[in-house]
Amino acid sequence: MISILSFSDQGAVLARQLLSHLGDAVHYDNRKGQVKSQMNRIWDQSDQILFIGATGIAVRYIAPFIKHKTLDPAVLVVDDQGKFVISILSGHIGGANAFAERISSLIPGSIPVITTASDGRGFESLDLYIRRHGFSILSDENLTKLMGIMVNGGRIAYLCETGCDLNYPNAVEVQSLWELPEDVEGVFIVSSTVRQAYLPSLQVVPRNLHLGMGCRKGTSSKEILDLIYQTFDRNHLSLLGVASISSIDIKAEEAGLLEAAQELDVPIHFYTKEEIAKVEELFPSSSFVKQTIGVGAVAEPCAYLSGGELIVHRVEGSGVTLAIAREDKWESYM
């Protein structure tokens, strides 16, 4: 939701003009005392906040609520004459810079003011890159450090299992984190496998892991999740990388599978026997399973159909089988 906050007669006029172009927007008119008493609620419910007034007013109003760049809404300030559109908070991850460009396009003659360091230097910041691709940050403790290296023109290494379109001239691609060029100051990692580097590093996780699963009737979500957690831990995989769960369609009503997908917050897909039969010869087959459900394997074919290359072949738990495929998204990054 977009919240527009105005503080003067001219500001209210400009707010009404913007409202006609912004579908999901609410106007708070401080001439009627609507802002200060509601600022806590406005902050919590807004994706973007647009102050029409002085920058100092905006700073004083938002100061008590600022938490972190990954949590805060985008905040803009527009003077009530509509001359300048200033991005002041959450420029990259929160989208304030892009929002400033959008608002400026709605106010003829206005100038978008964007002061984030990477934009002024002509390269994409890491936090905007992460947001653009929908990656999850494994740990953000070195995000500011790597951005500092880039702003100062330092060299960074990057290791990407999905392919990278990182727009930074002083970046060098590496295949190993243990053989880094001597002049590299930090490392950017895009991988669903948890990795360690001896230099300051930032790892982000693409959702590119697809879980193929089979289970006995009535298997609980705990038994299913236990096998997933154990297998991910054993293979140094991040749960942030899970993109989907899949199984055979006769398991479409299995509560344990449905609850596991809900717990991991991922979609679940069920393949037909005919779809699985087309690829089952690629994997070890069980005659008992084939007699029971019509195909000789479930977990591996389902993982393969969803993601492609298997990185974890069939493992067993208590009434559960699991295989994991890693999707190759190289082409989508070119």
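Use the structure listed above.
Note that the structure is predicted; figures quoted are calculated from it, not measured. (Residues numbered from 1 in each chain as written. Predicted model: local features only at pLDDT ≥ 70, side-chain atom pairs only at ≥ 80, totals over all residues. Heavy atoms only, no water.)

Topic: the overall build of the chain
For the record, the criterion: Helix numbers and strand numbers start at the N terminus; a helix is a DSSP run of H or I with at least 4 residues, a strand a run of E with at least 2. The classification of residues rests on relative accessible area computed with a 1.4 Å probe and restricted to protein chains. Under 20% of the type maximum is buried, over 50% is exposed, and intermediate values are partly exposed. Contacts are assigned to residue pairs with any non-hydrogen atoms lying within 4.5 Å of each other. Using a 1.4 Å probe, accessible areas were evaluated by the Shrake-Rupley method; residue-level cover was limited to the displayed protein chains. Under the counting rule used here, the positive set is Lys and Arg, the negative set is Asp and Glu, and His together with the chain ends is not counted. Charge placement uses NZ in Lys and CZ in Arg. For Asp and Glu, CG and CD serve respectively.
Across its full length, the chain carries 12 helices and 16 strands. Residues classed as buried in the chain amount to 49% of the 334 residues present. Look at the contacts in the chain between residues 6 or more apart in sequence, and 57% of them connect residues 24 or more apart. In the structure as shown, the chain presents an accessible area of about 16200 Å², 49% of it carried by carbon and sulfur atoms. Counting 28 positive and 40 negative side-chain charges, the chain places the averaged centre of each group 6 Å from the other.

Things to note about the side chain of Glu254
Note the following rule: By salt bridge we mean one thing: a side-chain nitrogen of Lys or Arg within 4 Å of a carboxyl oxygen of Asp or Glu. Any N or O atom pair separated by 3.5 Å or less is treated as a polar contact, with the protein-specific requirement of one donor-capable and one acceptor-capable atom, and with residues adjacent in sequence counted only for side-chain atom pairs.
Inspection of the secondary structure puts Glu254 in the loop between strand E13 (242-248) and helix H9 (255-264). Buried within the structure, Glu254 lacks any salt-bridge partner; Lys251 is the closest side chain of opposite charge, at an N-O distance of 4.4 Å. Within the structure, Glu254 has its side chain in polar contact with the backbone nitrogen of Gly218 (distance 3.1 Å). Setting aside chain neighbours within four positions, we find Glu254 in contact with Cys215, Arg216, Lys217, Gly218 and Thr219.

Some details on the pattern of salt bridges
Taken as a whole, this structure holds seven salt bridges when the rule is applied. Taking the shortest distance from any N to any O, the salt bridge between Arg314 and Glu316 comes out at 2.7 Å. Arg314 gets classed as partly exposed once you look at its relative accessible area, which sits at 45%.

A short note on the nonpolar core
Operational definition: Among buried residues, those of type Ala, Val, Leu, Ile, Met, Phe, Trp, Tyr and Cys that are joined through side-chain atoms within 4.5 Å constitute a nonpolar core.
Grouped together as the largest cluster of nonpolar side chains are 23 residues, with contacts concentrated most on Leu211, Met213, Ile228, Phe232, Leu322 and Ile324. Where this core is concerned, the elements lending two or more residues are strand E12 (209-215), helix H8 (221-234), E13, H9, strand E15 (310-316) and strand E16 (320-326). Per-element accounting of this core gives the leading share, five residues, to H8. The contact partners of Leu322, leaving out residues within four places of it in the chain, are Leu211, Gly212, Met213, Leu227, Ile228, Thr231, Ala299, His313, Arg314 and Val315. Ranked by size, the runner-up nonpolar core spans 19 residues in total, among them Leu126, Ile130, Leu202 and Val204.

Structural notes on the sheet that holds E12
The criterion, for reference: In this scheme, strands are said to pair when DSSP sees at least two bridges between them. Every axis corresponds to a line fitted to the C-alpha atoms, with the helix fit spanning only the stretch in contact, and the corresponding angles, defined between N-to-C directions, vary from 0 to 180 degrees.
Within the open sheet, the five strands sit side by side as E14-E13-E12-E16-E15. Their pairing is mixed. Two strands in the sheet have a free side with no partner beyond their single neighbour: strand E14 (268-271) and E15. Between one strand axis and the next, the sheet turns by 20° as a mean value, whatever way the strands run. Two strands pair when backbone bridges link them, and E12 and E16 are joined in this way by seven bridges, in the antiparallel orientation. If you follow Cys215 over to E16, its bridge partner there is Val320.

Some remarks on unusual backbone geometry
A positive phi angle is found at His236, which is not glycine, with a value near 55°. In the Ramachandran plot, Asp265 falls in the positive-phi region, its phi being about 60° despite a non-glycine side chain. Tracing the sequence through the fold places Asp265 in the loop between H9 and E14.

Quick notes on the sheet that holds strand E4 (residues 74-78)
With mixed pairing, six strands are arranged side by side in an open sheet as E2-E1-E3-E4-E5-E6. Edge positions in the sheet fall to strand E2 (25-29) and strand E6 (111-113), since each has one partner strand and no second. Averaged over all neighbouring strand pairs, the angle between strand axes comes to 20°, with direction disregarded.

Comments concerning a nonpolar patch on the surface
Applied cut-off: Put simply, a patch holds well-exposed residues, over 30% relative accessible area, that have no salt bridge, with like charges counted together within 9 Å and Val, Leu, Ile, Met, Phe, Trp or Tyr side chains within 5 Å.
Residues Leu138, Val194 and Leu240 make up a contiguous nonpolar surface patch of roughly 190 Å² in combined accessible area. Mapped onto the fold, Leu240 is located in the loop between H8 and E13. You can call Leu240 partly exposed: its relative accessible area is 34%.

Side note on the side chain of His27
The residue His27 is located in strand E2 in this model. Looking at His27, its side chain comes within polar contact range of the side chain of Ser6, at 2.7 Å. With near-sequence residues (within four places) excluded, His27 lies in contact with Ile4, Ser6, Ala12, Ala15, Leu19 and Gln34.

Side note on the packing of aromatic side chains
Our working rule: Aromatic pairing here means that ring centres of Phe, Tyr or Trp (its six-membered ring) are within 6.5 Å. Orientation follows from the plane angle: under 30 degrees is stacked, over 60 is edge-to-face, and everything else is tilted.
Going through the model one piece at a time under the given rule, you end up with eight aromatic pairs. Considering the side-chain rings of Trp178 and Tyr198, the 6.0 Å spacing of their centres and the 25° angle between planes classify their relative orientation as stacked. In this pair, Trp178 is assigned in the loop between strand E9 (171-173) and strand E10 (184-190) and Tyr198 in the loop between E10 and strand E11 (201-205), connecting sequence segments 20 residues apart. The exposed category is assigned to Trp178, whose relative accessible area is 59%. Among the aromatic residues, ring-to-ring pairing joins Phe7, Phe51 and Tyr61 into one connected group.

What about the pairing of E15?
One ladder, built from four bridges, connects E15 with E16; its direction is antiparallel. Residue pairing across strands places Glu316 opposite Thr321, the latter belonging to E16. From the end of E15 to the start of E16, which pair antiparallel, there are three residues, and Gly319 there has a positive phi angle of about 75°.

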